[in-house]
Amino acid sequence: MASCPMYVPEGFDCETALLLTRLVGTAYDMQSQWKQQGKPRRDAFRWTPNGPSTLHYSQPLWGADRFFYFFQTDEPYAFVASGPDQTAYLVFRGTDSDADWVENLKFDQEDYSPVKGYGKTNLGFTEIYCSMRQTILDTLASIDPPQLLWITGHSLGSALSTLAVPDLCANGVRPDGFRMVHINFASPRTGDPVFANAYDACGVPTYRVVNTCDIVPTVPASVVTTDLPIYKHVGVPVDFSAQYGSIPANHDVSNSYGYALAHPQEPESVAAET
């Protein structure tokens, strides 16, 4: 029996979202190349982008990984790509082992420091984003001003892309006609209700693509006890239910999310038969 169709709200374009999953795959490949080269320092890393050849790619954008609190290291997390049609892309990857970090997720929150009045956000996500935010702003300022900036990420990268949006609205370069649209995949909850409500009022269309069989979008839990912070999702959910047989498979940006976007009427059909 075929699965139910993906819910596609007004204004959401599956074809563009599918392109974004491929760009996220490019960000994951950037991380793979860094590991294959022995995790060199940023000045020694040589990245060959494997994304669409029509785009121009920035240098890798590095962040300090303090997520697990055991160590700190600089890693390539993101890039900016721009095309000939005055369109640019800010793309974030997720963690190396997306299913594993769920068990290590911390509930702690801190003030969202890039913009006042945005409540609190997850401590681990915010530390990584703030370690790279100036490089993001500088890189976007260095390219030809686009008419449209797509912001995207997967898993942890979705949290980072969510944290980038208010910062870019308040502190980024936004010439006349500049538009931003945010589409992310398998996003965890990123901040408290004050953050989520302020985010949703900032005017950037945001679509959160969610496989309801994926565990990652369910964390951090919205409410656990009165002793722990509370969390709320941002944006408009674009959801589908597809079971691919394991936690990593249900979460995979290409074979789960990419497949569903390519087959929105039957997002589970092939996976259910294999």
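Residues take numbers from 1 onward in each chain, read along the sequence in its written order. Local features in a predicted model are, by the rule used here, given only for residues with pLDDT of at least 70; side-chain atom pairs are given and counted only at 80 or more, and totals for whole chains, interfaces and linings are based on all residues. With hydrogens and water stripped out, all remaining heavy atoms of the structure feed into the side-chain values.

*Asks:* Sorry if this is basic, but what is going on with the environment of Leu 55 here?
*Replies:* Here Leu 55 shows up in the loop between α1 (14-36) and β1 (56-57). For Leu 55, a relative accessible area of 14% translates into the label buried. Residues Leu 55 and Asp 85, 30 residues apart in the sequence, show an inter-C-alpha distance of 9.8 Å. Look past the residues within four positions of Leu 55 in its chain and what remains in contact with it is Leu 23, Ala 81, Ser 82, Gly 83 and Tyr 89. A run of H or I in DSSP counts as a helix once it spans at least four residues, and a run of E counts as a strand once it spans at least two, with each numbered from the N terminus. Exposure classes here rest on a 1.4 Å probe applied to the protein chains alone. A residue is buried below 20% of its type maximum, exposed above 50%, and partly exposed in between. Contact criterion: two residues are considered in contact whenever any of their non-hydrogen atoms come within 4.5 Å of each other.

*Asks:* Looking at this structure, how should I read the nonpolar core?
*Replies:* Nonpolar side chains in soluble globular proteins generally cluster together in the buried interior. Residues belong to one nonpolar core when they are buried, are Ala, Val, Leu, Ile, Met, Phe, Trp, Tyr or Cys, and are joined through side-chain atoms within 4.5 Å. By size, the foremost hydrophobic cluster in this structure holds 38 residues, and its most contacted members are Phe 12, Phe 79 and Ile 183. At the level of secondary structure, the elements contributing two or more residues to this core comprise α1, β3 (73-82), β4 (87-92), β7 (148-154), β8 (179-185), β9 (206-211), β10 (236-240) and α7 (253-262). It is α1 that contributes the most residues to this core, ten residues altogether. In this view, Phe 12 contacts Ala 17, Ile 183, Tyr 207, Val 209, Val 238 and Leu 261; residues no more than four positions away in its chain are not counted. Counting residues in hydrophobic clusters, the runner-up holds 35 residues, among them Phe 92, Leu 160, Val 165 and Phe 195.

*Asks:* Even after reading the chapter, I still don't get α1, so can you show me in this structure?
*Replies:* Each α-helix winds once per 3.6 residues, and so residues spaced three or four apart point in a common direction. The span you would expect from a helix comes to 1.5 Å times its residue count less one. With 23 residues, α1 ought to run about 33 Å at 1.5 Å a step, and its terminal C-alpha atoms sit 33 Å apart, in line with that. One or two residues past the end of α1 sits Gly 38, with phi positive at roughly 85°.

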